[in-house]
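What follows is the residue order along each chain.
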Amino acid sequence: MSRDAGGRRIRLGQGPLPTGPVPLTLRQAYAATAIILAGTLLIGSGLPVLARSIAGLAVPPVAIVFGTAAMIPADGWEVTDTTEVSVRLTRGGVWLQMTSLDAEGKSATARVLDLVDDMQEAYPTLTVASQPRPFFTPTNAQGQLTALAGTTQTALVASVVGGGQAVDVSSLGESTQFGDAVSDIEEMIESIRLLGVTDEG
């Protein structure tokens, strides 16, 4: 028999329950530390991916939805034509056409080469003025963009591909006006969101 602090007899194993934290063995302490550390790393590494997915999935109120895609128009551009799968914008003498369609298994690079051929067929004086430039959209879909130039006109074509979806882009204008519009055009192209595609990387 043992006695408590007041001198009363108690049986071993029947004393008052401890009120402080339960002491851990060394093995238990190591296990608890490992669990906390793993959870911290998992949460820390997951947050950027989650934030990127949410940012890519959200479609801003100012966005124009066409087909399975959306884009944000730049200031000063007027929507002059729309269909269920396309949108056409103009500013001055420059136009920009975006079309949402099935990727048909083609990469952004292959699609851009097709767009270059189409543009040169329609405007024979145009020649390729730059190497295709890669970029990524807010939904992390891959894109390719290239410019063409002629005697009086300048053009830009691009394609965005992700999740089996694609958006093909063509733009054309007088060279004297296109230079002022090109930054807007690139900004609108890079704003393309493929709806439902949140992480292609």
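Scroll up to find the structure this text is about.
Residues numbered from 1 in each chain as written. Predicted model: local features only at pLDDT ≥ 70, side-chain atom pairs only at ≥ 80, totals over all residues. Heavy atoms only, no water.

A.B. asks: I'd like to hear about the pairing of strand E5 (residues 78-82), residue by residue, with values.
C.D. replies: Sheet topology places E5 next to strand E6 (residues 86-91); 4 bridges connect them, and they run antiparallel. Bridge assignment links Asp-81 to a residue of E6, and that residue is Arg-88. In textbook terms, the turn of a hairpin is the stretch between consecutive antiparallel strands, and for E5 and E6 this stretch comprises 3 residues. (Pairing = 2+ DSSP bridges. Helix = DSSP H or I, 4+ residues; strand = E, 2+ residues; numbered from the N terminus.)

A.B. asks: So what's going on with the sheet that holds strand E13 (residues 193-194)? Which residues, and what values?
C.D. replies: Sheet architecture is open: 3 strands sit in the order E3-E4-E13, paired in antiparallel fashion. Two strands bound the open sheet, and with one partner strand each, they are strand E3 (64-66) and E13. In the sheet, strand E4 (residues 69-71) pairs with E13 via 2 bridges, with the strands oriented antiparallel. Paired with Ala-69 across the two strands is Leu-194, which belongs to E13.

A.B. asks: Explain the pattern of salt bridges to me, using residue names and the numbers behind them.
C.D. replies: Per the stated rule, a full pass over the model turns up 5 salt bridges. For the salt bridge of Arg-133 with Glu-186, the shortest nitrogen-to-oxygen distance reads 3.9 Å. Of this pair, Arg-133 sits in strand E9 (residues 133-136) while Glu-186 sits in helix H3 (residues 175-190); the two residues are 53 residues apart in sequence, bridging distant segments of the chain. Several salt bridges share partner residues, and in doing so they unite Arg-133, Glu-186 and Glu-190 into one network. (Salt bridge = Lys/Arg side-chain N within 4 Å of Asp/Glu carboxyl O.)

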